[in-house]
Each structure stands twice: as structure tokens, then as C-alpha cells.
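Take a look at the letters that make up each chain.
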Amino acid sequence: MQNEKLSDSQRDALKELSNIGAGSAATALSQLLGKDIKLNVPEVTIIPIEKVNEKIAKHQQIIAAVYLRIYGEIQARALLILPQDKIFYIIDLLTKKKLGTTKEFGEIEQSAIKEIGNIIISSYLNALAKFIGLNSVPSVPALAVDMADAIIQTISAELAEVGPDAFLIENEMTEEENDLSTTLLILPEMASMKKILKALNDTIKGS
Amino acid sequence: MSKKVLLADDASFMRMMLKNILEPAGYQIVGEASNGREAIELYRKLKPDLFITDMIMPEVGGIDVVKEVIKEFPNANIIICSAIGQQTLVIEAIQAGAKDYIVKPFDQANVLETINKIVGT
């Protein structure tokens, strides 16, 4: 599968799938925060696994990474990345504190970030089930808050266990003037990546 | 007398959110569990009027928690509260004995409507 090009129709189907997932994720975030969230069309690409580190490393600051495993008809890992300043802002909104109050990650803040990650990733899994009929569930989420390089080291062992390609989904979301964009990496095992692409093909043919 | 509620979710934040909705509405939170095993043990001990549980939890998952509780307490009022809204899982939860299913994130009105439907106030 490595370096295999997606057909135009597969790319369209994947984009549609991401739109549905991003739409649910934005709705979920909006409900959680009690704020309107504007969403641009998400960018979805398939990247070789070696490029995953680059995508994380581009955040030259402390980031929060919510990590979980995906089980069921798809076996994968998922990683949601949010820069620390955005997380503090989200937590202030979520806990209805004055903006700028949160400056560190206590137990309740960590729990809140994990839950946001869980809800956003689950939005994509729900979309996947609805759109291409593959049911899967996430594990309990784990959280790492550190410099991007340290996060890369933390997940490197996990990256060795997945297939050669990953889905990179860049969600551009804004709340008023505030950028709440997230980077989501879905790292399927090789057999699962094939299953997803086959299901996309079947969906295209059936539509 | 206020109804007794047991909450099970590995995320303390979500338990706090539910608590903030339920207590002002007159419900009494009698216990909180952060994993499935603890939830089953607390259910046996507290015998609440209502049990709200997450689906994905450490040690024992939500569906197995429901099955275990229903086996011992067939009339238990259980609501699953999970971010996973896939139809197959909702059906599985209901078949296991849950009375309803709330998809996260939830709003206050939806939570109270669902709960009131099952146990009233």
C-alpha cells in the first residue's frame, strides 16, 4: 500500500468521510463549550508513517497529545494533537472560568482534555461506521503533555506496530477569533488500511 | 426523597459535569466509580435508583458492567453515557439491559429528560 496513489473517487469519498467526522467533531466541541464553532473543510491526506514525526515536530512548543487505540473492525491507533495555549483556552471555556485562568494541567484539566480527545476521535469513528459500515471502538484515552520531540519519543514504539501509512486530518476550527484547529492522526494497521480503502470503494460503487 | 444515583466514568471531568446537572435537579450522587470493576462493587453496596455508566472504562467495559449488574439486579435502571454513538453498540447496550443511551457530549435538557423518563423526580 505504501506510496499507492488514491483514485480521484477514493479521495473524494475520503474527503466526504472526513467532512462528516469533522462536522460531528465541531458539533461535539460546540456543545461541550457552549460556543459556536466554525469549521472549514478539513484537509485529509494519507502520509507515509515516517512523515508522522515531522507533522508532530512542526509544533515547536508544548503540545497535548491524546492517544488511544482503536479496536473492532478497524485496528488502529489515533493521536489528537493540540498546542498547549489552545488547550488552556478550551479548558477555561469548558470550566466556565475567566479566560487566561488555566495555566497548568491539574487532574480535572487532564481529565477534560482526554475526554475532548475521546469525543473528537469517537466522532470520526461514528462517521466511519455510518459512512462505510466499519464499526470500531476506542480504548480509554491516554494523555501526554510535553514538547513535540518528547511526544515523538513516547509514541515511537507504537508507530512500529502500525501499517506503513497514516491518515492525517487537519481540522480548521475557530471560535469567534480564536483558532481551535486540531491535528488528528489515524494510524491503521496494514490490514485495516486495506479494509478502509476497500469499504470506500464499495461505498463509491454503491452510491 | 431524592433519588440515589451512581456514576461510573473513567473521566473525573465527565462525572463532575453530570454531577453539576443532576444535583441541582434534586438527585443525590451516592457514589462515583472510575472503572467498571469499582462500578459493579459500588452498585452492589449502594443499590442506587439510577446508574449512569460510561461504555469504555478500564478493567471492565460498560456493556459487561450492565450485564453483570442486570444478572444480580434485573430491575436496575441503567443508562449508558458514551461518546460512541454507533447504532450496533447502542443496540448491544439496550439488549444487555440498559434502559437508555446518552451520546456525549450531552446537554443538560437531554440528560434530565432521559433520566426523568426512567426514574422521575
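To be clear, the structure that these remarks concern was listed above.
Residues numbered from 1 in each chain as written. Chains lettered and ligands numbered in written order. Predicted model: local features only at pLDDT ≥ 70, side-chain atom pairs only at ≥ 80, totals over all residues. Heavy atoms only, no water.

### Section: helix H2 (residues 36-46) of chain B
Residue and element names in this part refer to chain B. Along H2, the residues that are buried comprise Gly36, Ala39, Ile40, Leu42 and Tyr43. Mapping the buried residues of H2 onto a view down its axis gives an arc of 165°, with all of them on the same face. Close packing links the buried residues of H2 with strand S1 (4-8), strand S2 (28-33), strand S3 (50-53) and helix H3 (62-72). The N-capping residue of H2, defined by a side-chain oxygen 3.0 Å from the backbone nitrogen of Arg37, is Asn35. Two residues or fewer past H2, Lys47 is found with a positive phi of approximately 40°. (Buried < 20%, exposed > 50% of the residue type's maximum accessible area, 1.4 Å probe, protein only. Helix = DSSP H or I, 4+ residues; strand = E, 2+ residues; numbered from the N terminus. Arc of directions from axis to C-beta. Contact = heavy atoms within 4.5 Å. Polar contact = N/O pair within 3.5 Å; in protein donor to acceptor, adjacent residues only side chain to side chain.)

### Examining the sheet that holds S2 of chain B
Residue and element names in this part refer to chain B. Spatially, the five strands line up as an open sheet ordered S2-S1-S3-S4-S5, and their pairing is parallel. Two strands bound the open sheet, and with one partner strand each, they are S2 and strand S5 (100-103). Geometrically, the sheet is characterised by an average inter-axis angle of 20° between neighbouring strands, direction not taken into account. Here helix H5 (residues 108-119) sits on the sheet in contact with S3, strand S4 (78-82) and S5, set at roughly 170° to S5. (Pairing = 2+ DSSP bridges. Axes fitted to C-alpha atoms, helices over the stretch in contact; angles between N-to-C directions.)

### Examining the interface of chain B and chain A
At the junction of the two partners, chain B supplies 21 residues and chain A supplies 23 residues. Between chain B and chain A, the buried area comes to about 1700 Å², and carbon and sulfur atoms account for 64% of it. Summed over the three residues of chain B that lose the most area to chain A, namely Phe13, Gln86 and Pro105 of chain B, the buried surface amounts to 38% of that side. On inspection of chain B and its partner chain A, the count reaches one salt bridge. Notably, a salt bridge pairs Glu115 of chain A with Lys104 of chain B, separated by 2.8 Å at the nearest N-O pair. Summed over the shared surface of chain B and chain A, the result is 10 residue pairs in polar contact (both at pLDDT 80 or more). Broken down by secondary-structure element, the contributors of at least two residues to the side of chain B that touches chain A are helix H1 (12-22) and helix H4 (87-96) of chain B. (Buried area = accessible area lost by both parts, 1.4 Å probe. Salt bridge = Lys/Arg side-chain N within 4 Å of Asp/Glu carboxyl O.)

### Some points on the layout of surface pockets
In this structure, the largest pocket occupies an estimated 370 Å³ of space. As for the largest pocket, its lining consists of 19 residues, of which Ser24, Asn126, Ala127 and Lys130 of chain A together with Gly85 of chain B are closest to the centre. Broken down by secondary-structure element, the contributors of at least two residues to the lining of the largest pocket are helix H1 (8-33) and helix H4 (107-132) of chain A. In terms of residue count, the dominant contributor to the lining of the largest pocket is H4 of chain A (six residues). Grouping the constituent residues of the lining of the largest pocket by class yields eight nonpolar, nine polar and two charged. As for the second largest pocket, its lining consists of 15 residues, and the residues nearest its centre are Leu32, Leu94 and Lys96 of chain A together with Met17 and Ile21 of chain B. Residue assignment for the lining of the second largest pocket shows that the elements contributing at least two residues are H1 of chain A together with H1 of chain B. With five residues, H1 of chain B is the single largest residue contributor to the lining of the second largest pocket. Of the residues belonging to the lining of the second largest pocket, the class tally is eight nonpolar, five polar and two charged. (1 Å grid on protein atoms, 1.4 Å probe; cavity = no way out; pocket = protein on both sides within 12 Å on 5 of 7 lines; lining within 4 Å. Points joined across faces, edges and corners; volume = space filled by probe spheres on them. Nonpolar A, V, L, I, M, F, W, Y, C, P; charged D, E, K, R; others polar.)

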